[in-house]
Structures are given as structure tokens and as C-alpha cells.
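One-letter residues, chain by chain:
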Amino acid sequence: MNVDDPFDVYFTRATRAYCSFPAETGSSDKALLALAQKIDLSRKKIVVDYGCGQGRLLAAINKIHGKGELSNLHYIGVDVYEDAIEAAKTFFESTLAKTGVKAMFRYEDNFDTTAFLADQIFLIFTVHEFDPINLDATLSRLWRMLRRGGTLYIQDTGAPIYKEVEFLSFEPQRIEELLQSFGANVSSETIKTGVNHVPVYIVAGHKPADLDLEIAYSWHDLKETYRQVLHRSLLRDCFELYRMRTAIDNNKTVDSEKLAAACHRIAVFARGFHQTYALDRVDMNEAPYCVACGSGNVISKTIEPNVKDSGEIKIKCSDCDYEHRKEIEVGLEREDWEVRDRFSLLDAGKDRFTDWDEHQLTRCLLSFGHESLSFFEPFLLSVPGANRSIIKSYKRFIR
Ligand SMILES: C[S@@+](CC[C@H](N)C(=O)[O-])C[C@H]1O[C@@H](n2cnc3c(N)ncnc32)[C@H](O)[C@@H]1O
């Protein structure tokens, strides 16, 4: 690396970090301990740790909460990385399993966000790893899964973390803007943590307890929101980069870490913005172009949604061979009305318990299989009309 050239910092550090931190490190991490403190276990709670890695949040929870409280915790760890899930499971078995905590671990592909409602959702150093074009859709899905009165916590860093973690990340304003667009009450704090006292942000999006049920559990049409957020972010970073570039040209010193972070954000968000824009043009039946190399030499194919298929847009570039596929209904889920009914039932219950409600409860259990019965039973029992014998009768459906 050429240390005289601050732009080099970007290229040598912009690598993605899968979770290389063992669970145990969570018990001494100030930011994680602060998050664990936010879990009120005075009654039973479903807590989702999305991008759980090796289970550092579990270690922090173990440190903060006493045995009596822990039996109220129903924890779901989700990750795309199988080795991380295995490590988290092993950690859980050797520690918290004895305390009465109930835990499930899910590979992201098998995680059904329409099956139940969560009280708290944590994304700890995870959003920077999302594909930017799907950031809004992923966050919106998780937001919809949050019970009214619940909170979604996003912890990450807007600064590059040298030596500790080899990635560069997003600034909290982007996350705040997206959460606000979902109707969240947002608050933020910053905590310095790790051996280098790196500032990490915790953005909390609270779903108001009196939010209209329809709004609370609807699936947002995000296309417009996300494009605006991306656009604003890009502009902000472009100005910042321009200011720093000018300073360098005038032989002034700039903070190379900040410069590296701005470069990274621009690269990541420009890609997201470009893809969103390109796909919108296909949606509008305008001439598409390759989202990877910009070539106009592309073959694009749109399969319209029908009763059997959710539809798909495919862009194949004849120059660079890049193939981009996207399901058409990014912002709208076809079965949304059904999901909304399910969530309304789980949240508010119904005056009368109908066949339809029973069907919704069965769907919740079917999504997770047999093990879910003991995990979800206390929550399903709180739905008016759903008694133990109804829930037991679902067993026959579950493999
Ligand atoms: C830097 S690690 C942080 C892990 C853990 N939260 C912690 O603080 O130790 C990010 C984790 O997010 C996971 N991840 C990345 N993209 C994901 C996605 N789309 N869905 C679920 N997990 C994801 C990675 O596999 C990785 O384990």
C-alpha cells in the first residue's frame, strides 16, 4: 500500500467481513452490552438477531440478565452463513441452554418473516453487508414482522474500523431516513467500543403501540422512497468527496479514513442506485442497459406475473455476460392481505375465532415445523380464542 496516497486506503480495506468474532467477545463489548440491556425480560419476548454471526448478542445477554429473566427469552438467530449459525448454536448449547432460554437458529433462506411477530429485532454489524439494492426491502420485511410497541435496533458504524474489522460502512442517517419512511419513531446514540474505541451507532426504530393495524403490518411500496434516499445519500457523499479531493489537490491534509469511507459509500450506493434506476426503466418498458458495465447491448426479458408465477425481469448483457434477475414485485407482496390478517390476529386478536383465524395460526406453525410448537405456544395462546386444544390440534398438520 502506498501510504502517501489516501485513496489506497479504500482499495486495501474495502473487503467484506463475515463474522470472524467468536461469541465470547460479546460479553465485554460495550455496545452489545448496551443492546442486551434494552431487552426487557419481565415478560415473555420474541427477540430476533438478524445476522447473528457466531452469537455475540447471546453472550452479552448472558452477562446482563439473571436466570429468572432468561426463561422469558425466546431467541431466533438468523444468518446467511451456515458456519456462523453452527457456531452460535454450539455457544448456546454450552451456555444459555441451561437457563431456560428458548432458541431457534435459522438459515436466512428458511426464515419466514410472515410467520410470527417479534418484540425486538437486532441487526448488529449486519446492514453494511446487505446488497444495497435490497436494503429497503430487507429492512421493510423485518419492520413489518415487528409487533406494535416493539423496536428494531440497528447497530453499525459509519466509520471504517481499522485492524478490528476490515470493512467500511454506512452512515446512520440513511438508516434513520428509511425507518422514518416506514412510520418509525427513531432515536440514535453513539457508543465507543473495542480496543480502538471506535464509535458505533445504535439507531432504534420504535413501532408505535397505537399505530393503525393496517399501517403497522402492510408491506410498503418502497421503490420511490428508496430511490430518493439513495439519491440524497449519493449527493451528500459526492459533495463530501469533492471537498476532500479539492483539499488534496491544494496540498491540504485530509483524514484518509473519512476519505476511504466516502469512496466506499459512493461505490456501494452508486451501484444500488444504478440498478434501481435501470430496473425501473425496464419496468416502464423503456430501453434497458447493463447494470454491471453500462452496455446497451443487452437482451432483456420480462415475464409478467400470473397466477403461477410472481414474474421476473431478466437482463443479460452480451458484452460482459452479466445476468441480472429480479422478481417484479419488489415493493408489493402478492399475498400481503393474508399476511396482514395473520399479523392482525397475532397482535390484536379477533372478536370471534373463525376457520380463517385457525388457518392463519396453522400457517405460523407450519412455517417452522414441530420444534416451533413449544417456542411459539405461549405467544399463540395469548391470541383470544386460541386455546391449548386448538393449538395441539395443529400437531397433526406438522411434520
Ligand atoms: C460482521 S457480522 C456480525 C455478526 C454478529 N451480529 C456480531 O455482531 O458478531 C455480519 C453477519 O451478517 C450476516 N449476513 C450478511 N448478510 C446477511 C443477510 N442478507 N441476511 C442474514 N444475515 C446476513 C453475515 O453472514 C455475518 O455473520
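This one's a predicted model, so the numbers in the text were calculated from it and none came from an experiment.

Caption draft 1: Just the overall build of the chain, in detail. In terms of regular secondary structure, the chain is built from 14 helices and ten strands. For the chain, the residues scored as buried account for 40% of the 399 residues in total. Looking at the chain alone, contacts between residues at least 24 apart form 73% of all its contacts between residues at least 6 apart.

Caption draft 2: Quick peek at the environment of Ile266. Of note, Ile266 is situated in helix H10 (residues 256-283). Residue Ile266 is classed as partly exposed on the basis of its C-beta count, with 19 C-beta atoms lying within 10 Å. A sequence separation of 32 residues divides Ile266 from Leu234, and the C-alpha atoms of the two residues are 6.2 Å apart. Other than its neighbours up to four places away in sequence, Ile266 contacts Leu234, Asp237, Cys238 and Leu241.

Caption draft 3: Fine view of the confidence of the model for the chain. On average, residues of the chain score 81 in pLDDT, and 80% of them reach the 70 mark or higher. Taken together, the stretch residues 161-168 has pLDDT below 50 and engages in 21 contacts with residues farther than four places along the chain or on a different chain.

Caption draft 4: How the structure looks around the pairing of strand E1 (residues 45-50). With respect to burial, E1 is a largely interior element, five of its six residues being buried. Taken together, the six bridges between E1 and strand E2 (residues 73-79) define a ladder with parallel strand orientation. Within E2, the position partnered with Val47 by the bridge is Tyr75. Two elements, E1 and strand E4 (residues 118-124), share three bridges in a ladder whose sense is parallel. Counted as the bridge partner of Val47 is Gln120 from E4.

Caption draft 5: Region of interest: helix H12 (residues 355-368). Taking 1.5 Å per residue, 14 residues should reach 20 Å; H12 reaches 21 Å between its end C-alpha atoms and fits that length. Among the residues of H12, those classed as buried are Asp357, Gln360, Leu361, Cys364, Leu365 and Phe368. When H12 is viewed along its axis, its buried side chains cluster within an angular range of 135 degrees and face the same direction. Opposite its buried face, H12 presents the exposed residues Asp355 and Trp356, each directed more than 90 degrees away. Buried residues along H12 sit against helix H11 (336-348) and helix H13 (372-381). Residue Gly369 follows H12 closely and has a positive phi angle near 85 degrees.

Caption draft 6: Quick look at unusual backbone geometry. Unusually for a residue other than glycine, Phe125 sits at a positive phi of about 50 degrees. Mapped onto the fold, Phe125 is located in the loop between E4 and helix H6 (135-144). The buried category is assigned to Phe125, around which 23 C-beta atoms lie within 10 Å. You will see that Asn251, though not glycine, has its phi angle at about 60 degrees, which is positive. Relative to the helices and strands, Asn251 resides in the loop between helix H9 (223-249) and H10.

Caption draft 7: Quick look at the sheet that holds strand E6 (residues 185-193). An order of E3-E2-E1-E4-E5-E7-E6 is seen for the seven strands of this open sheet, with the pairing classed as mixed. Across the chains shown, the open sheet's two edge strands, defined by having one partner strand only, are strand E3 (102-107) and E6. Ignoring strand direction, the axes of neighbouring strands in this sheet form an average angle of 15 degrees. Here E6 pairs with strand E7 (residues 198-206) via nine bridges, running antiparallel. Bridging from a neighbouring strand, Val186 pairs with Gly205 of E7.

Caption draft 8: Layout of the nonpolar core. Grouped together as the largest cluster of nonpolar side chains are 77 residues, with contacts concentrated most on Leu35, Val48, Leu57, Leu58, Ala88 and Ala118. With six residues, helix H5 (residues 82-94) is the largest single contributor of residues to this core. A domain split of this core shows at least three residues from each of domain 1 (12-217) and domain 2 (349-398). The contact partners of Leu58, leaving out residues within four places of it in the chain, are Ala23, Gly26, Tyr75, Ala88, Phe91, Phe92 and Leu96.

Caption draft 9: Fine view of the packing of H12 against H13. Running from N to C, H12 and H13 cross one another at 150 degrees; their axes reach a closest spacing of 10 Å. Between H12 and H13, the crossing angle belongs to the class labelled roughly antiparallel. The crossing of H12 and H13 is right-handed. Residues Leu361, Cys364, Leu365 and Phe368 of H12 form the contact with H13, whose participating residues are Ser372, Leu373, Phe376 and Leu380. Residues belonging to the contact of H12 with H13 are distributed by class as follows: seven nonpolar, one polar and no charged.

Caption draft 10: Structural view of the packing of helix H2 (residues 30-37) against helix H3 (residues 56-64). Here H2 crosses H3 at 65 degrees, and the two axes come no closer than 8 Å. With respect to H3, the axis of H2 lies roughly perpendicular. Taken as a pair, H2 and H3 cross one another with a handedness that is right-handed. Together, Leu32, Leu33, Leu35, Ala36 and Gln37 of H2 and Arg56, Leu57, Ala60, Ile61, Lys63 and Ile64 of H3 make up the contact between the two elements. Among the residues making up the contact of H2 with H3, the classes are represented as eight nonpolar, one polar and two charged.

Caption draft 11: Region of interest: the environment of Leu179. Along the polypeptide, Leu179 turns up in helix H7 (residues 172-181). The contacts of Leu179, once residues within four sequence positions are left out, are Ala184, Val186, Val203 and Gly205.

Basis of the calculations
Residues numbered from 1 in each chain as written. Predicted model: local features only at pLDDT ≥ 70, side-chain atom pairs only at ≥ 80, totals over all residues. Helix = DSSP H or I, 4+ residues; strand = E, 2+ residues; numbered from the N terminus. Buried ≥ 20, exposed ≤ 12 C-beta atoms within 10 Å, placed from the backbone. Contact = placed C-beta atoms within 7 Å. pLDDT = per-residue confidence, 0-100. Pairing = 2+ DSSP bridges. Expected span 1.5 Å × (residues − 1). Arc of directions from axis to C-beta. Axes fitted to C-alpha atoms, helices over the stretch in contact; angles between N-to-C directions. Core = buried A, V, L, I, M, F, W, Y, C linked by C-beta atoms within 7 Å. Domains from an automatic or database assignment. Parallel < 35°, antiparallel > 145°, perpendicular 65-115°, else oblique. Left-handed = near helix turned anticlockwise from the far one by under 90°. Nonpolar A, V, L, I, M, F, W, Y, C, P; charged D, E, K, R; others polar.

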